[in-house]
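Close look at the chain arrangement
One-letter residues, chain by chain:
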Amino acid sequence: MRWQGRRQSSNMQSGGRGVRGGVAFGSVGLILGLIAFLITRNPSTAIDVALNGGAIQPGTVETQELQLSAEEQERYEYSAVVLADTEDTWHALLAKEGYTYQEPQLLIFQENTESGCGIASAGMGPFYCSLDRSIYMDLAFYRSLIEDFGADEGDFILSYVISHEVGHHVQNELGILDQVHKAQRSSSSQAANDLSVRLELQADYLAGVVARYQEDAGYLEKGDIEEAISAAWVIGDDAIQEQKAGYVQPESFTHGSSEQRVRWFQKGYEAGDLSEFNTFDTEKYPRASDL
């Protein structure tokens with residue numbers, strides 16, 4: 001992506017490293033289901049995190065200045081440009097829907113940091129905390145996507161990741177997160193899984209919308225969309241289960257299959273707006289597997 005010399009978001013922050021005291025990680029709601037999945041490679045753990053409520057035990061993080069390598073500094077600046085792109089996208093599109101977009105914060109950290117949802121560690125992967133309306137990301141996740149999950153190397157996979165997490169913030173802005181969380185609390189495990197898949201695929205769609213804005217603005221380069229598709233594919237539930245467990249359990253999916261994640265990203269990219277983003281249309285998609 002063409003990013004050098006472009007506007008960087010003022011909503012970037014740098015976080016802490018190193019934790020003092022004991023920290024017990026618990027469940028912090030639906031959005032962190034992906035985090036548990038990435039840590040344990042166990043879909044049932046992700047389900048538990050999504051459904052059980054609770055909170056991360058409080059702890060204390062010793063905040064220190066980030067020590068970034070030259071490669072990490074470039075990723076940091078790239079991330080700031082991507083965040084600016086998401087701001088431009090959602091200010092324009094949500095204004096058309098009658099909403100005033102409130103921008104999220106993106107906090108880059110190493111090792112550990114404090115979030116509104118509790119202590120976050122690098123092993124969690126990127127996540128959005130609705131309590132403080134912020135995205136948390138360790139820049140090392142970029143390399144993990146390539147080396148651990150097998151994504152194609154290229155800077156645009158980072159754009160996909162950030163745009164997906166900002167998608168969760170857009171869902172929060174529109175009241176979708178709150179509605180889903182309330183519905184989950186009164187649902188069976190399978191129904192809650194279904195809602196989780198719908199939520200995640202919608203965030204993939206919203207990431208595609210941002211990619212379309214970036215293309216229309218002339219920022220994309222040859223191969224960028226393919227890089228995003230590669231990242232979406234390797235973190236599909238079936239791809240992770242097959243890689244780590246050797247078998248696939250569709251009934252345990254919480255984020256959607258590789259094919260679904262790619263298709264909904266492409267759907268958002270092709271539409272470039274919110275016209276096709278309703279993954280919760282149960283008349284059109286009775287089951288999450290129909291999405």
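Figured I'd write up the structure that's included with this text. Just so it is clear, the model here is predicted, and its values are computed rather than measured. (Residues numbered from 1 in each chain as written. Predicted model: local features only at pLDDT ≥ 70, side-chain atom pairs only at ≥ 80, totals over all residues. Heavy atoms only, no water.)

**Thoughts on the packing of helix α5 (residues 156-173) against helix α8 (residues 224-234)**
A packed helix pair is summarised by two numbers, namely the angle formed by the two axes and the spacing between the axes. Between α5 and α8, the least distance of the axes is 8 Å, while the angle of their chain directions is 60 degrees. Between α5 and α8, the interaxial angle falls into the category oblique. Seen from above, α5 lies across α8 with right-handed handedness. In this structure, α5 contributes Phe 156, Ile 157 and Tyr 160 to the contact, and α8 contributes Asp 224, Ile 225, Glu 227, Ala 228, Ala 231 and Ala 232. Of the residues contributing to the contact of α5 with α8, the split by class is seven nonpolar, no polar and two charged. (Axes fitted to C-alpha atoms, helices over the stretch in contact; angles between N-to-C directions. Helix = DSSP H or I, 4+ residues; strand = E, 2+ residues; numbered from the N terminus. Parallel < 35°, antiparallel > 145°, perpendicular 65-115°, else oblique. Left-handed = near helix turned anticlockwise from the far one by under 90°. Contact = heavy atoms within 4.5 Å. Nonpolar A, V, L, I, M, F, W, Y, C, P; charged D, E, K, R; others polar.)

**Side note on the pattern of salt bridges**
In this structure the tally under the stated criterion is 15 salt bridges. Arg 75 serves as the salt-bridge partner of Glu 71, at 2.5 Å between the closest nitrogen and oxygen. Of this pair, Glu 71 and Arg 75 both sit in helix α3 (residues 70-96), four residues apart, roughly one helical turn. On the basis of relative accessible area, Arg 75 is assigned to the buried category, the value being 9%. Three or more residues joined by partner-sharing salt bridges are found here, namely Glu 71, Arg 75, Arg 143, Glu 147 and Glu 153. (Salt bridge = Lys/Arg side-chain N within 4 Å of Asp/Glu carboxyl O. Buried < 20%, exposed > 50% of the residue type's maximum accessible area, 1.4 Å probe, protein only.)

**Notes on the state of the cysteines**
Evaluated as defined, the whole model comprises one disulfide. Shown here is the disulfide that connects Cys 117 with Cys 129, its sulfur atoms set 2.1 Å apart. On the S-S bond that ties Cys 117 to Cys 129, the torsion sits near 95 degrees, and the link is right-handed. Here Cys 129 lies in strand β7 (residues 127-129) and Cys 117 lies in the loop between β5 (112-115) and β6 (118-121), a separation of 12 residues in the sequence. Both residues of the pair, Cys 117 and Cys 129, count as buried. (Disulfide = S-S within 2.5 Å.)

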